Amino acid sequence: MPPAAAQALKALGEDLAIARGRRRESQRTWAKRLGVSIPTLIRLERGDPGVGAGIYATALWLIGRSAALAALAAPGSDRGALESDVREAVARRAARSAASAQARLARKPPKQD
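Because the structure is predicted, anything quoted here is derived from the model rather than measured.

Q: Please clarify how the overall build of the protein should be interpreted in this entry.
A: Of the regular secondary structure elements, the protein holds 6 helices and 0 strands. Ordered by position from N to C terminus, the α and β elements of the protein give α-α-α-α-α-α. Within the protein, the fraction of its 113 residues that count as buried is 19%. Residue pairs in contact within the protein that sit at least 24 positions apart in sequence constitute 44% of those at least 6 positions apart. For the protein, the accessible surface area stands at approximately 8600 Å², while carbon and sulfur atoms represent 56% of it.

Q: Help me understand helix H1 (residues 3-22) in this model?
A: It helps to recall that an α-helix has 3.6 residues per turn; residues three or four apart then point in one direction. A rise of 1.5 Å per residue sets the reference length of H1, with its 20 residues, at 28 Å; its end C-alpha atoms lie 28 Å apart and thus fit the reference within 8%. Residues of H1 that are buried: Leu-9, Gly-13, Leu-16, Ala-19 and Arg-20. Buried residues along H1 cover an arc of 120° about the axis, so they all sit on one side. Among the exposed residues of H1, those oriented more than 90 degrees off its buried face are Pro-3, Ala-4 and Arg-22. Contacts from the buried residues of H1 go to helix H2 (27-34), helix H3 (38-46) and helix H4 (53-62). A positive phi of about 55° marks Arg-24, the residue just after H1.

Q: Which parts of the structure should I look at to understand the pattern of salt bridges?
A: Any two side chains of opposite charge can pair, so long as their charged atoms come close to each other. Scanning the entire structure with this criterion turns up 3 salt bridges. Salt-bridge contacts for Arg-20 lead to Glu-45; the nearest nitrogen and oxygen are separated by 2.6 Å. Residue Arg-20 is located in helix H1, and its partner Glu-45 is located in helix H3; the two are separated by 25 residues in the primary sequence. Note on Glu-45: relative accessible area 10%, which makes it buried.

Q: Help me understand the side chain of Thr-40, please; the structure alone is not making it clear to me.
A: Here Thr-40 is to be found in helix H3. Residue contacts for Thr-40: discarding those within four places in its chain leaves Val-51 and Ile-55.

Q: In this structure, what is going on with the environment of Ala-19? I would like to understand it.
A: Its place among the elements puts Ala-19 in helix H1. Overall, Ala-19 belongs to the buried group, its relative accessible area being 7%. Along the chain, Ala-19 and Leu-60 lie 41 residues apart, while their C-alpha atoms are 9.6 Å from each other.

Q: Honestly, the nonpolar core in this entry has me stumped. Any pointers?
A: In a soluble, globular protein the nonpolar side chains are often hidden away together inside. Ranked by internal contacts, the top residues of the largest apolar core, which has 15 residues, are Leu-16, Trp-30, Leu-34, Leu-41 and Leu-44. If you list the elements that add at least two residues to this core, you get H1, H2, H3 and H4. For this core, the element with the most residues is H4, which contributes 4 residues.

Definitions and limits used
Residues numbered from 1 in each chain as written. Predicted model: local features only at pLDDT ≥ 70, side-chain atom pairs only at ≥ 80, totals over all residues. Heavy atoms only, no water. Helix = DSSP H or I, 4+ residues; strand = E, 2+ residues; numbered from the N terminus. Buried < 20%, exposed > 50% of the residue type's maximum accessible area, 1.4 Å probe, protein only. Contact = heavy atoms within 4.5 Å. Areas by Shrake-Rupley, 256 points an atom, 1.4 Å probe, with all protein chains shown as cover. Expected span 1.5 Å × (residues − 1). Arc of directions from axis to C-beta. Salt bridge = Lys/Arg side-chain N within 4 Å of Asp/Glu carboxyl O. Core = buried A, V, L, I, M, F, W, Y, C linked by side-chain atoms within 4.5 Å.

This is the structure we're talking about:
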């Protein structure tokens, strides 16, 4: 796992632990609400990448943040794909321009009387 991804999961886990604590809920209560064991909740709060995404999603739902999941990989926010799309569009335009110029040059000039 890339270090940046591992760090992001660790931060998410810590934030979820803080959210649970601020709600004054025990690990036992949250584990029950999540439908997991206490050891799994502990792993989640440590940011363990082996914990299922569904469990993280449910924990976010418990704190009213599940809607944020939809925006995580939204196409409009995918800078890498957007940059690729722009590069491809520029390349297509250049190819079309070159083909258009060649076509214009290949045309016979109209006969003049």
